[in-house]
Structures are given as C-alpha cells and as structure tokens.
Amino acid sequence: MLENLINQIESYNPNADISIVAKAYNYAEMAHSNAQTRYSGERYFIHPYNVALILADLHVDVPTIAAGLLHDVVEDTGITYDDIKREFGEEIANMVDGVTKLSKVKYRNKEERQAESLRKMIIAMSKDIRVVIIKLADRLHNIRTLEYMPDEKRNQKAIETIEIYAPIANRLGIASIKWELEDLSLKYLDPEGYEDLVLKVQEKSEKRKDYISQIISTIKEKLDEAGVEGDIKGRPKSLYSIYKKMYFKNKSFEQIYDLIAVRIIVDSIKDCYGALGTVHTLWKPIPGRFKDYIAMPKPNMYQSLHTTVIGPAGEPFEIQIRTLEMHRTAEYGIAAHWKYKEGIDEQTNYEEKLNWLRQMLEWQQETNDPQEFMESLRIDLYADEVFVFTPKGEVVNLPTGSTPIDFAYRVHSAVGNKCVGAKINGRIVPLDTKVKSGDQVEILTSQSSVGPSRDWLKIVASSQAKSKIRKFFKEKDKDFNVEKGKELVEREIKKQGFQVSDLLKDDWVKFVADKYNMFNAGNLYAAVGNGGITENQIVNRLKLLYLEKNKDKIELEKIENLEKTSSIYNKPSQIEKHASGVIIKGIDNVKVRFSKCCNPVPGDAIVGYITRGRGVSVHTADCTNIHDLNGNENQRFIEVEWDTGKKATFISELQIKALDRNRLLQDITNLYTDAKLNAISLNLRINKEKVAIVDIGFEINETKQIEDLIKKLKKLDGVLEVYRNKK
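As the structure is a computational prediction, the values presented were derived from the model and not from experiment.

## A closer look at the confidence of the model for the protein
As a general rule, the predicted coordinates of low-pLDDT regions are not to be interpreted in detail.
For step 1, the next point in the chain: Mean pLDDT for the protein: 76, with 78% of residues reaching 70 or above.
For step 2, the next point in the chain: A low-confidence stretch, residues 105-109 stays under pLDDT 50, and its non-local contacts, those more than four residues away or across chains, total 10 contacts.
For step 3, the next point in the chain: In this model residues 377-382 is a low-confidence stretch, pLDDT under 50, and it forms 24 contacts with partners more than four residues away in sequence or in other chains.

## Remarks on the nonpolar core
For step 1, the next point in the chain: Grouped together as the largest cluster of nonpolar side chains are 60 residues, with contacts concentrated most on Leu5, Ile65, Leu70, Leu136, Ile177 and Leu181.
For step 2, the next point in the chain: Among all residues touching Leu70, those that are not within four sequence positions of it are Ala24, Tyr27, Ala28, Ile84, Phe88, Ile92 and Val96.
For step 3, the next point in the chain: Counting 32 residues, the second-largest nonpolar core is a separate cluster that includes Leu677, Val694, Leu716 and Val719.

## Examining the pattern of salt bridges
For step 1, the next point in the chain: Summed over the entire model, instances satisfying the criterion amount to 15 salt bridges.
For step 2, the next point in the chain: The partner of Lys200 in a salt bridge is Asp196, with the nearest N and O atoms 3.2 Å apart. Of this pair, Lys200 and Asp196 both sit in helix 12 (residues 191-226), separated by 4 residues, roughly a single helical turn.
For step 3, the next point in the chain: Across the pair Asp514 and Lys510 runs a salt bridge whose closest N-O atoms are separated by 2.9 Å. On the criterion of helical spacing, the pair formed by Asp514 and Lys510 is a turn pair, its members being 4 residues apart in helix 24 (residues 506-515).
For step 4, the next point in the chain: Judged by its relative accessible area of 32%, Asp514 is partly exposed.
For step 5, the next point in the chain: The network of salt bridges with common partners includes Asp61, Glu91 and Arg130.

## What about the sheet that holds strand 21 (residues 719-725)?
For step 1, the next point in the chain: What the 4 strands build is an open sheet, ordered 19-20-18-21; its pairing is antiparallel. At either end of the open sheet lies a strand with only one pairing partner, and these are strand 19 (678-686) and strand 21. Sheet twist, expressed as the average angle between the axes of neighbouring strands with direction ignored, equals 15°.
For step 2, the next point in the chain: Where strand 18 (residues 650-659) meets strand 20 (residues 691-700), 10 bridges bridge the pair, whose relative direction is antiparallel. Each residue of the ladder has a partner; that of Leu654, found in strand 20, is Ile696.
For step 3, the next point in the chain: Relative to strand 20, helix 29 (residues 664-674) is tilted by about 20°, and along the sheet it contacts strand 18, strand 19 and strand 20.
For step 4, the next point in the chain: Contacts between helix 30 (residues 703-714) and the sheet are confined to strand 18, strand 20 and strand 21, with strand 21 contributing the most and set at about 165° to the helix.

## What about the packing of helix 3 (residues 46-57) against helix 4 (residues 62-70)?
For step 1, the next point in the chain: Two elements in contact, helix 3 and helix 4, have axes whose closest approach is 7 Å; the angle formed by their N-to-C orientations is 160°. It follows from the interaxial angle that helix 3 and helix 4 lie roughly antiparallel. In terms of crossing hand, the pair formed by helix 3 and helix 4 is right-handed. On helix 4, the residues that touch Pro48, Tyr49, Val51, Ala52, Leu55 and Ala56 of helix 3 are Thr64, Ile65, Gly68 and Leu69.
For step 2, the next point in the chain: Tallied by class, residues from the contact of helix 3 with helix 4 come to 8 nonpolar, 2 polar and no charged.

## Description of the environment of Ile428
For step 1, the next point in the chain: Checked against the element boundaries, Ile428 lands in strand 9 (residues 427-429).
For step 2, the next point in the chain: Among the residues examined, Ile428 registers a relative accessible area of 63% and is labelled exposed.

## With respect to the pairing of strand 20
For step 1, the next point in the chain: Of all 10 residues making up strand 20, 9 are buried, and the element is well covered by its neighbours.
For step 2, the next point in the chain: The sheet contact formed by strand 19 and strand 20 spans 8 bridges and is antiparallel. Pairing of Ala679 across the sheet is with Phe698, part of strand 20.

## Concerning helix 10 (residues 151-171)
For step 1, the next point in the chain: Over its 21 residues, helix 10 extends 29 Å from the first C-alpha to the last, a length consistent with the 30 Å expected when each residue adds 1.5 Å.
For step 2, the next point in the chain: The largest bend along helix 10 reaches roughly 45° and is located at Thr161.
For step 3, the next point in the chain: Backbone geometry just downstream of helix 10 places Gly173 in the positive-phi region, at approximately 75°.

## Let's talk about the environment of Lys178
For step 1, the next point in the chain: Structurally, the position occupied by Lys178 is in helix 11 (residues 175-189).
For step 2, the next point in the chain: Along the chain, Lys178 and Leu136 lie 42 residues apart, while their C-alpha atoms are 9.2 Å from each other.
For step 3, the next point in the chain: With sequence-adjacent residues up to four places away left out, Lys178 is seen in contact with Ala166, Ala169 and Asn170.

## Describing the pairing of strand 18
For step 1, the next point in the chain: Strand 18 sits mainly inside the fold: 7 of its 10 residues count as buried.
For step 2, the next point in the chain: Pairing geometry for strand 18 and strand 21, over 6 bridges, is antiparallel. When the sheet's bridge partners are listed, Lys657 is paired in strand 21 with Glu721.

## Focus on the packing of aromatic side chains
For step 1, the next point in the chain: This model, assessed by the stated rule, comprises 8 aromatic pairs.
For step 2, the next point in the chain: Ring centres of Tyr25 and Phe45 lie 5.0 Å apart, and the angle between their planes is 90°; this geometry places the pair in the edge-to-face category. Note that Tyr25 is positioned in helix 2 (residues 18-31) and Phe45 in the loop between helix 2 and helix 3, a separation of 20 residues in sequence.
For step 3, the next point in the chain: Residue classification places Phe45 among the buried positions, given a relative accessible area of 1%.
For step 4, the next point in the chain: By way of ring pairs, the aromatic residues Tyr25, Phe45 and Tyr49 are connected into one cluster.
For step 5, the next point in the chain: Sitting over the ring of Phe88, Lys23 keeps its end group 5.1 Å from the ring centre.
For step 6, the next point in the chain: Arg454 extends its terminal NZ or CZ atom over the ring of Phe473, reaching a point 4.1 Å from the ring centre.

Conventions and cut-offs
Numbers given for residues are sequential positions, taken from 1 along each chain in its written order. Since the coordinates come from a predicted model, pLDDT governs what is reported: local features require at least 70, and pairs of side-chain atoms require 80 or more to be given and counted, while whole-chain, interface and lining totals use all residues. For side-chain calculations, the full set of non-hydrogen atoms in the structure is used, while hydrogens and water are omitted. pLDDT runs from 0 to 100 and stands for how confident the predictor is about each residue. A contact between two residues is defined here by any heavy atoms of the two lying within 4.5 Å. To form a nonpolar core, buried Ala, Val, Leu, Ile, Met, Phe, Trp, Tyr and Cys residues must be joined to one another through side-chain atoms within 4.5 Å. Relative accessibility decides the category of a residue: with a 1.4 Å probe and only protein chains considered, values under 20% of the type maximum give buried, values over 50% give exposed, and everything between is partly exposed. One speaks of a salt bridge when a side-chain nitrogen belonging to Lys or Arg is within 4 Å of a carboxyl oxygen belonging to Asp or Glu. Under the DSSP-based scheme used, a helix requires at least four consecutive residues in state H or I and a strand at least two consecutive residues in state E, with every element numbered from the N terminus. If DSSP finds at least two bridges between two strands, the strands pair. Working convention: axes come from line fits to C-alpha atoms, limited for helices to the stretch in contact. Angles between N-to-C directions cover 0 to 180 degrees. Roughly parallel means an angle under 35 degrees; roughly antiparallel means over 145; roughly perpendicular covers 65 to 115; every other angle is labelled oblique. By definition, turning the near helix anticlockwise from the far helix through less than a right angle yields a left-handed crossing, and turning it clockwise yields a right-handed one. Note on residue categories: nonpolar means Ala, Val, Leu, Ile, Met, Phe, Trp, Tyr, Cys or Pro, charged means Asp, Glu, Lys or Arg, and polar means any other residue, Gly included. To estimate how far a helix should extend, the number of its residues minus one is multiplied by 1.5 Å. In this analysis the local bend is the angle between axes fitted, respectively, to the seven residues ending at and the seven residues starting at the residue. A pair of aromatic rings is counted whenever rings of Phe, Tyr or Trp (Trp by its six-membered ring) have centres within 6.5 Å, and the orientation is called stacked for planes under 30 degrees apart, edge-to-face for over 60 and tilted otherwise. By definition, being over a ring means that NZ of Lys or CZ of Arg is both within 6 Å of the ring centre and within 35 degrees of the ring normal.

Right, dumping it as structure tokens:
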C-alpha cells in the first residue's frame, strides 16, 4: 500500500521527500491499530490511506499528504496536537488540528448546521486552504463508502455533501471532486432517479458514440490543416448536472442534447483562439452561448473557451477549448497551485486568486444570523456570474442579476455609499437595471449624498453589496440605538423597584456586556435599542450581581419586613429545612412550591419569591419570569438553596429532536430504563421535515441524573439535539 502511494506521488513530483510520507504512514497505521473498524468492516486505517491517495490524485505537496494520513489520529486516538508537532513539525500539526476542528461542528438546527460548517471552513481556508482540501478528500472517501452506513446517516451525509462540500469544491475549482461528490450524493438522495438516469445516459451515449467520433475526426483534420496541435476527446456530462436540468428546469431527458462535450486541449492561448475559429468555420455557433473564460477567468481560476454549435445532425453540442495548464487548473483548482511552494512556478499570482475567499471571510464576520449568512453564501457559492467593465476597461465579475449598485460596492464602499446614478454603455439607466456580460458600467457619485437607501437591499444581488449597505445603516443607527437602549434599561430598573445608581455600575455593565460578547456598554445598549437583546435580560443579570454584592443587607431587610407584613411565617429563624428538599434562610413553617415556568431541580441556581398566601415560589436564577413577579416589592425575594442531605423527587422534562427512523423510541426507552429513571409522560410527533420531536417527563433526585442521560441520548444514531425543557 505504501509503495502504491509513493509511486503516485513520484509520478508528478520526482523530487518529493518521501521519508515524511513513509513516517506519517507508519505513525497513522500504528495509531489506528486498535481503533474500531469502519461500517464496511475494514480496519480504520484504510480511510486515511485512501484520503492520502485522493490528495495525491490532486497532485498536492508532501506535507498535505502527510496531514491527510494523520488527519484522524488526534480525534480518534490518544495522540495530541503536541505529539504531532514534535514528530512532524508545526506546519503538518496545524493542518491536522484544523481538520480536527472542522469535524467538531455543533448546531441546533439545519440553518445553523450549514452556516457554522461553512463558517468554520472559510476561517480554516483563510489560515491554510490545504485544511479544506484535506476535508474534501475525507468527505469524498466517506461518500464513496456511504452504502455501508445506516439509512438515516446516509441521507443526512448526502444532503450535507450536496449543500456544503460540493459548492466549496466548486469554489476552489476542484471539478474532479465536485462532480463525484454530487453524483454519489444523488445516488443516495434519489436512488430510483439515479439508476434510471444512468441507464438512459448509457443507452444514448452508445447511440451517439459514432456521431461524436465523427465530430472529433472532423475537428482533428481541420486543426492539422491549420497547423494547430491538439488533443481532442469527448467528455460525458456529470449525472447531477443532467438531473438538475431535468428537475429544476423541467426538461425531459430527450430534450437534453449536450450529454457529451467535446474538449480540445492545445499548447498555447493563441492556439485556443485559432482552434475556436476553426470550429466556427465547420459548424454554426448558437448566439449567446459563447463564453470567453480565458480573457475573463472565473473567481475559482477556471479558464477555457466555451462555444455551443449546431452539429452535422442538426443537434447542438458544446466544445471547450483550453491549454494543458488551464485543464489542470480546471480539474484540480486551487490544489494545482501548491507547486508554487516548491519554487516551480513562482510567478503564480496566488494572492489575487483568493480575493473571493477574503470577501467571504469579511461577510461571515459581519453577521451572526445563520439564515442571513446562508443566503449570502448561496448567492456566492452557487450563482452564475456576469462580467462587466469599468470605464478604464478593467473586468469586474458579479453574480447574475446584479445592478449598478452591486458594481459600485464591488469597486469600493465609498463609491457605493455616494452613488446617485449610473451609466451603462454610455447611457444613464435606473439603478435597478440588471447588468449583462460585456456591459461597461460607470457610477455617478455626489459628495452631498446622504448615503444608500434601505430599498437598495431589495435591488442588489451580491452579498458584498448587501453586507456593506447593512453596515452603513448599522453604524448610522448605532448612536440612536445606544441612547434608546440605555433609556429602556433605566426604565426597566425603575420598574423592578431599584434605583438606577444601584444597578448601572460601570464594571457591572461591562461584565454583562462580556457575557453577551458585546465587550462594551455602547454595544450592549445598542443591541437593546435595535431589539437584539431585551432590557429584561440585562436588568435581570444586573440584579443578580446586586443581590450577590448586597446579600447581608438584603437578608436583614427581608427578615424585618417579613416580621411586620407577612402572614406566611410564625417566627424568624436562621435556617429552616423543608420536606421539599429546599433550605429557606430566614423563616420557617412555610409552604414551598416549584415554579412550572422553569421547573428547577437540584443543581440549578435558584431564588425564592414570597407569594401572597401560597408560600415561597422557587425559580431558577435565570428564569425570565422573575422580573414579572418582582414589581416594586424587591423585599419579597428571599435566599434559598438545595438541601443536599434530602432526597426529594422532582419533575424534569427533556425534548429530543432526531431523524425519524425505525426503533428510535425503543432505543430512547432502553437508555432511560437502563439509567433507572421513571418516565411519567411521553409525547412523540413528526414534523414536515421528517424530524421526530420527543418530549419526556422524568422523576429525578438531582440534575446529574438528567445530564448523564442527555450525554447518552446525544450518541444515538440520528439524534440531532437534546435539551432540558424548562417550560
């Protein structure tokens, strides 16, 4: 096996330091020697070995292949980052660490899963793009062996691959991986449609084989006459691209003619255009179907000439023309450019190639809303593009559907913010005009402009423009929101019976701001002002700080007030234990009840509230209903704590969300039965996304019982999330 990998590496990099690969191979094989087997029954090391083979197919550098062999050892064995760093150096250790972190994506729902997975990939790419290339190779081998996985995981992995990994591979220009990821995912997402398509493509390809051979022969003859050397082949379209045309563009299989594209690979850019001229003398080109990606490369570095012509039988077919270097980039994308690290191609302008990555990194930092982030990524990962020109003739690429406003913000934020009009091809046009490839766009600006209109958010098509428009209004509105937010907080403080000076202490406000990742008072008040956080949440946190700092003073006031006004006690006492399992400081002979709004159980931080005629109501310290109970009578709060010596019984509810599958309920029941927990209620429902939602109520003595059960439930196949239902 090692010899096979080494031969593959030496075939494209004869000077490679094979000793590093051999060392990583032996190290990983030993580390995984006691690991569990894969679903296929193979020993686990087969997986990292195949990942390394895929990376070698992409012709990546030796450190990347070594990291591919080691990519699972930190996560699945007792080996640490420091162990890898000591044995293989910081470069390889950082790549292994990056892949490990990408594997630990936590999420609460589908949108957040997608957004957080993509966020982590983008951040990883900004540090070292090889981390994501390894992750793509890892996913490709997993999808190749998906047939051995349980049904529910198979479907989940296929969807994730289509939605996240294939678009990333496309953005990195790695077509060979993108096509295989899409086709194999389709095989599991729509097995019948996939098999039907495979049969139809094979049948039609057999019938068209002679037709394509005739076309290739004709082109070859004409190129020889023109003195252009070229390698000509027929390339079948990917199954997923055909599937998309059929199901998303509502076409029948018979209506799809370009099942096979003819590819011409020549020696130089000059020969590319020479070959194009030859093809157009043979067959008539279809207007609007010619694309020059050599003069205007795609952001993922793809270059080629595309033209669709009417063939000898009257059927349209596509021809792609490129150089060998362009072909390599088209197949391997960003991976093809790692050779510059070894000094083979120092002229490669690598930094310019990753402009799109820097833009995506900016966008992911500017929004915490998973839905908004996914919307921006869908536009920029999936969208087709148009190419337009500045007045100086520079090329700017934009998503299809873009307007002059998108163009303005692509040039510079200041140009977009001061934009008052636009010209396309010398004529003044409305700002909502859609630009087309080849248009020359000029932006008219004014220093007296007050800035963009909020309506522009409905007009623009690019994430960059939307992000910069939102940023403008966020900054413009911040001062207003700070003032408004502070006013709301002060009003809430008074409503809850405190003096503003009691709670709004600079260090307390800074502490609360840090808790919400706002870092200063201004950001915290602005968040309250724009509705991101409620004033109740802020005041409740400040109030807990106040109660903690003034514990002794408040305790004395409570006892004095209760002696005068309350009818729910007989005489004061320092500490009283109750049958309920709660200790109440300051009073005895009082009824205790646990609030149903938050269902506190032993282990939770709790506060007591003296009700009128119903004893003390116990709430969790972070219960959102505390402030509603408070009103203007702060003295009615009382200090309570759990009696650790008392084994009282409490009710705790869990909500479990999982992919609907056979035996799900049985597996859940087995777990809590083994834990010797008594279930007193159970409700199961299936939503329209085929997600099972299970609500179960348990009798428990302490939170550890329920926390241990949650950990076990999360490990069940198909379980998406488990949490304690406090309401």
